[in-house]
Amino acid sequence: MAAAGDGPWLDDAAGRLVRPFTVSNGRTKPSIALDLMSQVMSTGATPLGYLGPEHAQALDLCRAPVSVAEVAAHLKLPAVVTKVLLSDLVDCGALTTKPPAFHHNPTDRSLLEAVLDGLRRQL
């Protein structure tokens, strides 16, 4: 039998029982700049000090390179809260990050026109 604090803070009918910004102690600004497509990965270093269960879950997800957006989706937390958690882990040396690698110029006119054309065909 599991103790009351052992299960996830979710209720099937009510949803999340702990408000997302409680997880980050109300902080909305990460200490480092992270893009949704930034890659994060565990360094193998043990974080010093107490980190909450969400920090541990995020660290577990980052055993291989993963994007900030993917971590947020797995944690079922808003991106801004996830960025705060991940920046905490980077600050204590448990994670490393690198900016997303773009293979194409994201403002390339031909690419944008192809996307627009594809969207128009869907309508």
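So, how was this worked out
Residues numbered from 1 in each chain as written. Predicted model: local features only at pLDDT ≥ 70, side-chain atom pairs only at ≥ 80, totals over all residues. Heavy atoms only, no water. Helix = DSSP H or I, 4+ residues; strand = E, 2+ residues; numbered from the N terminus. Buried < 20%, exposed > 50% of the residue type's maximum accessible area, 1.4 Å probe, protein only. Contact = heavy atoms within 4.5 Å. Areas by Shrake-Rupley, 256 points an atom, 1.4 Å probe, with all protein chains shown as cover. Core = buried A, V, L, I, M, F, W, Y, C linked by side-chain atoms within 4.5 Å. Patch = residues over 30% accessible without salt bridge, like charges linked within 9 Å, V, L, I, M, F, W, Y side chains within 5 Å. Salt bridge = Lys/Arg side-chain N within 4 Å of Asp/Glu carboxyl O.

Engineer: For this particular structure, what's the right way to read the overall build of the protein?
Structural biologist: The secondary structure content of the protein amounts to five helices and five strands. Its helices and strands taken in sequence order, the protein reads β-β-α-β-α-β-α-α-β-α from the N to the C terminus. When each of the 123 residues of the protein is scored for burial, the buried share is 24%. The contacts in the protein between residues at least 6 apart in sequence include a share of 69% that link residues at least 24 apart. Entry remark: accessible area of the protein is about 8500 Å², with carbon and sulfur atoms responsible for 58%.

Engineer: Sorry if this is basic, but what is going on with the nonpolar core here?
Structural biologist: Soluble, globular proteins show a tendency: their nonpolar side chains are buried together. Counting residues in hydrophobic clusters, the biggest one holds 17 residues, and the most contacted among them are Val 40, Cys 62, Val 71, Leu 86, Leu 89 and Leu 95. Elements with a minimum of two residues in this core: helix 2 (53-61), helix 3 (68-75) and helix 4 (79-91). Once residues lying within four places of it in the same chain are set aside, the contact partners of Val 40 are Cys 62, Ala 64, Pro 65, Val 66, Val 68, Val 71, Leu 86, Leu 95, Thr 96 and Thr 97.

Engineer: Before we go on, may I ask you to explain a nonpolar patch on the surface in this structure?
Structural biologist: On the surface, Leu 111, Val 115 and Leu 119 cluster together into a nonpolar patch covering about 250 Å² of accessible area. In this structure, Val 115 sits in helix 5 (residues 109-122). Classification of Val 115 as partly exposed rests on a relative accessible area of 46%.

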